[in-house]
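# Residue-level structure breakdown
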Amino acid sequence: MRAVCWNGIHDVRVETVPDPKIINPHDAIVRITSTAICGSDLHLYDGYIPAMLPGDILGHEFMGEVVEVGPDVRRIKVGNRVTVPFPIACGQCYFCQHDLFSLCDNTNPHAAQVEKLWGYSPAGIFGYSQLLGGYAGGQAEYARVPFADVGMQKIPDGLRDEQVLFLTDILPTGYMAAENCHIQEGDVVAVFGCGPVGQFAIMSAYLLGAERVIAIDFVPERLRLAAEKGKAETIDASQTDVVQQLKQMTGGRGPDAVIDAVGMEAHGFGLFGLYDRVKQSLLLENDRAFVLRQAILACRKGGTLSIPGVYSEFADKVPMGALMNKGLEVHTGQTHVQKYQGQLLNRIQRGELDPSVIITHELPLDDAPHGYDLFKQKREDCIKVVLKP
Amino acid sequence: MTTAITSVPGRSSQDSAAVQSRRGRTSINSGWGERLADFALGGGLIVGGLQRRSLLGGALILGGGWFLYAGATGHFQPYAALGLVREGGSGSGLVVERSITIGKPREQVYRYWRDFAHLPTFMRHLEAVTTSDGRRLHWVAKAPLGRQVEWDAEITTELPNELIAWESLPGARVANRGEVRFADAPGGRGAELSVRLTYAPPLGTAGAAVARLFTEEPNQQIDEDLRRLKAILETGETPTTENQPHGKVVIGKER
């Protein structure tokens, strides 16, 4: 089969590799009909995630048709049309039993190595480095999905791939980020980052009752999408002091909740932005915390910080004093997709959400390298690339 | 739950964590052969350093002094940094200790381990463990270069649902002891297992240090073994990515 393989920094190639096989009794094989490139894939593309091997197959946002099931698969049948969550979860451990699927104990075969970096290991993830299991990803024609009964979401007829593909990752990610804000009546929510996750966080914040949503970015087409489809008020981070502007727009209080939908490759401005870029180029800092700093400073006292943005190692100069003395509540984590996908599918069916509005490019799988380049450089007003095997 | 033998799961001695940690920092972790080597090396370096009147000479003297100190105290700092702990003063034995929580009843986990034939299902380095009378065990393990190593052991202590301890019999190439304690995890989380293995690797501590640098670390190995046990008991399978598609095996192309 054809598959997108990582081969180094800014080097992805579509190769012909063996087809996946059933390995464990709860596995299923999916023939992939649509798959996407994620913002977090760019961290792999840019070389910021350690433990990648040349030849690793990328991709964790994929859907398609089940073509084979293992002997212990009960709920899922051959022929089912499914979306597949990006974290792999067993359904049996303490964390899965508490709906914390992205923290599953039993799906990372390389958990012992991760403990050296993070203390404990989260669940395995498709196509996201050897540290998170080294699972072959879904930017390919076929994929093997462990614990198919636990994860796979059956999709009814009458919905196009483009409407449901993002149930795999970014839609639940934006939704969980907004839910983690514990939005009360009258709340103002600020969303840093108007990429796909940010767009869904904006939509979700309104669905969950926010009075106002203020979206921050510096890319014009993303701010435009946030305003037109998301109905958010916008701030251009390249033109103004964001923290001060947020204060001004909220009667001096600050937003009640702040979502960091940017993560470790934050684009910084001014002196702190330069600090991060210099340290990163000298390999003294891996994660750029520019947006995280702003989020901590911008949030009102006693407010909530919600961090779906991916961080990998260590970040520098984080204002812990502000965080502590303002009494902020922090929620973070990889998305528990399995918890949210059903209810979000219902919302899509009821017409409350149309995730397909963020798609700007659809390319054949073989054009994946071009797709990565478009997405990384934000060329042609690119916001989201979908690949068709 | 507490008995006269087990006070706190995971601690086979009665020492507090502070005492154990202090012992780790200053304990004797070298055997007598190694300590003699330390004296010889240390003395040689100091002599060599005294013959040079230079920065290098100074460095040699400092290095020599460090080795003499290691010889005199029996504490070789790099072993401590690698987590190699000798058991019980200058006795021979390296200790590996790990703990895991499994979301199944204590009795079920105990039963699985007590049938030692199950051990190779989660301990990767084992080929087989067989028994004729339930107390004497015959172990077959994988060794480097595709070989095997075998030895006999017997179960020395057995407290149902609480403790299993075993010890290799004289004649084993690598003398070893093991014990696993079972306790209830709080809040209905299942069972807490605490495993402690003691073994005397060939070539003593130095051999283990080299092995640790170049191959699997014993603590990481038992970590992975216990994780596999947990996965087997909780899900019926162990997570793996072996034999999955990968770009290094590209069809029709040399790599």
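This structure is a prediction, so every number in the text was calculated from the model and none was measured. (Residues numbered from 1 in each chain as written. Chains lettered and ligands numbered in written order. Predicted model: local features only at pLDDT ≥ 70, side-chain atom pairs only at ≥ 80, totals over all residues.)

When its secondary structure is counted, chain B shows eight helices and seven strands. Counting over 255 residues, chain B shows a buried share of 27%. Sequence-distant contacts in chain B: of pairs separated by 6 or more residues, those separated by 24 or more amount to 55%. (Helix = DSSP H or I, 4+ residues; strand = E, 2+ residues; numbered from the N terminus. Buried ≥ 20, exposed ≤ 12 C-beta atoms within 10 Å, placed from the backbone. Contact = placed C-beta atoms within 7 Å.)

Within chain A, the regular secondary structure consists of 14 helices and 17 strands. Principal-axis analysis of the C-alpha atoms gives chain A an extent of 60 × 50 × 45 Å. Relative to all contacts within chain A whose residues are 6 or more apart in sequence, the contacts with residues 24 or more apart total 73%.

As a further point, take helix H10 (residues 270-281) of chain A. Between its terminal C-alpha atoms H10 of chain A stretches 17 Å, which fits the 16 Å expected from twelve residues at 1.5 Å a residue. Where H10 of chain A ends, the next residue or the one after it, Leu-283 of chain A, has phi of about 60°, a positive value. (Expected span 1.5 Å × (residues − 1).)

Quick look at the pairing of strand S16 (residues 361-364) of chain A now. Looking along a regular strand, one sees the side chains alternate between the two faces of the sheet. All names here are of chain A. As paired elements, S16 and strand S17 (residues 385-388) share four bridges and run parallel to each other. Bridging across to S17, His-361 finds its partner in Val-385. Each parallel crossover has a hand, and the one from S16 via helix H14 (residues 368-377) to S17 is right-handed. (Pairing = 2+ DSSP bridges. Right-handed = clockwise from strand over helix to strand, strands pointing away.)

One widely used convention gives an interface's size as the accessible area the parts lose upon coming together. On the chain A side, the residues contacting the 25 residues of chain B number 34 residues. Grouping the amino acids of the side of chain B that touches chain A by side-chain chemistry returns six nonpolar, eleven polar and eight charged. (Nonpolar A, V, L, I, M, F, W, Y, C, P; charged D, E, K, R; others polar.)

Below, the discussion takes up the nonpolar core. Buried together is how nonpolar side chains tend to be arranged in soluble globular proteins. Val-189, Val-191 and Ile-259 of chain A are the most contacted members of the largest nonpolar core, which has 130 residues in total. Composition of this core by domain shows at least three residues from each of domain 1 (2-169 + 335-388) and domain 2 (171-332) of chain A. For Val-191 of chain A, the contacting residues outside a window of four places in its chain are Gly-198, Ala-201, Ile-202, Val-213, Ala-215, Ile-216, Ile-259 and Ala-261 of chain A. Formed by 15 residues, the second largest nonpolar core is a distinct cluster that contains Ala-183, Leu-193, Leu-226 and Leu-229 of chain B. (Core = buried A, V, L, I, M, F, W, Y, C linked by C-beta atoms within 7 Å. Domains from an automatic or database assignment.)

Next up on the list: the sheet that holds strand S4 (residues 147-159) of chain B. All names here are of chain B. Strands sit in the order S1-S7-S6-S5-S4-S3-S2 across an open sheet of seven strands; the sheet is antiparallel. Pairing within the sheet leaves two strands with one partner each, and these edge strands are strand S1 (94-102) and strand S2 (126-131). Strand-to-strand twist of the sheet, defined as the mean angle between neighbouring strand axes without regard to direction, takes the value 20°. Pairing analysis gives six bridges linking S4 to strand S5 (residues 163-168), with the strands arranged antiparallel. The residue of S5 that forms the bridge with Thr-157 is Ala-165. Sheet contacts for helix H5 (residues 106-114): S1, S5, strand S6 (176-185) and strand S7 (190-199); angle to S6, the most-contacted strand, approximately 160°. (Axes fitted to C-alpha atoms, helices over the stretch in contact; angles between N-to-C directions.)

On to the sheet that holds strand S10 (residues 188-192) of chain A. Whether parallel or antiparallel, the strands of a sheet pair through hydrogen bonds between backbone atoms. All names here are of chain A. Overall, parallel pairing links the six strands, which are arranged S12-S11-S10-S13-S14-S15 in an open sheet. Taken across any chain shown, the strands that pair with only one partner, and hence form the sheet edges, are strand S12 (233-236) and strand S15 (329-332). Sheet twist, expressed as the mean angle between neighbouring strand axes with direction ignored, is 20°. As defined by bridge partners, S10 adjoins strand S11 (residues 212-217) across five bridges and the pair is classed as parallel. Among the inter-strand pairings, Ala-190 is bridged to a residue of S11, identified as Ile-214.

The next thing to look at is the domain arrangement of chain A. All names here are of chain A. Domain annotation for chain A reports domain 1 (2-169 + 335-388) and domain 2 (171-332). Between domain 1 and domain 2, the contact holds 25 residues from the first and 23 residues from the second. Residue assignment for the side of domain 1 that touches domain 2 shows that the elements contributing at least two residues are helix H1 (39-45) and helix H13 (337-349). Here the side of domain 1 that touches domain 2 is built from residues that sort into 13 nonpolar, six polar and six charged.

So, on to unusual backbone geometry. Positive phi is not limited to glycine here, since Ser-129 of chain A has a value of about 85°. By the secondary structure assignment, Ser-129 of chain A is in the loop between strand S7 (124-125) and strand S8 (142-145). A residue is classified by how many C-beta atoms lie within 10 Å of it, and Ser-129 of chain A, with 22 of them, is buried. Residues other than glycine seldom take positive phi values, yet Asn-243 of chain B does so here, at roughly 65°. You can see Asn-243 of chain B is positioned in the segment after helix H8 (218-235).

As a further point, take the pairing of strand S14 (residues 304-307) of chain A. Residues and elements named next belong to chain A. Burial along S14 is two-sided: Thr-304 and Ser-306 facing one way and Leu-305 and Ile-307 facing the other are all buried. Bridging between strand S13 (residues 257-260) and S14 involves three bridges; their strand directions are parallel. Residue pairing across strands places Val-258 opposite Leu-305, the latter belonging to S14. Examined bridge by bridge, S14 and S15 share four bridges and lie parallel to one another. Bridged to Ile-307 within S15 is Thr-332.

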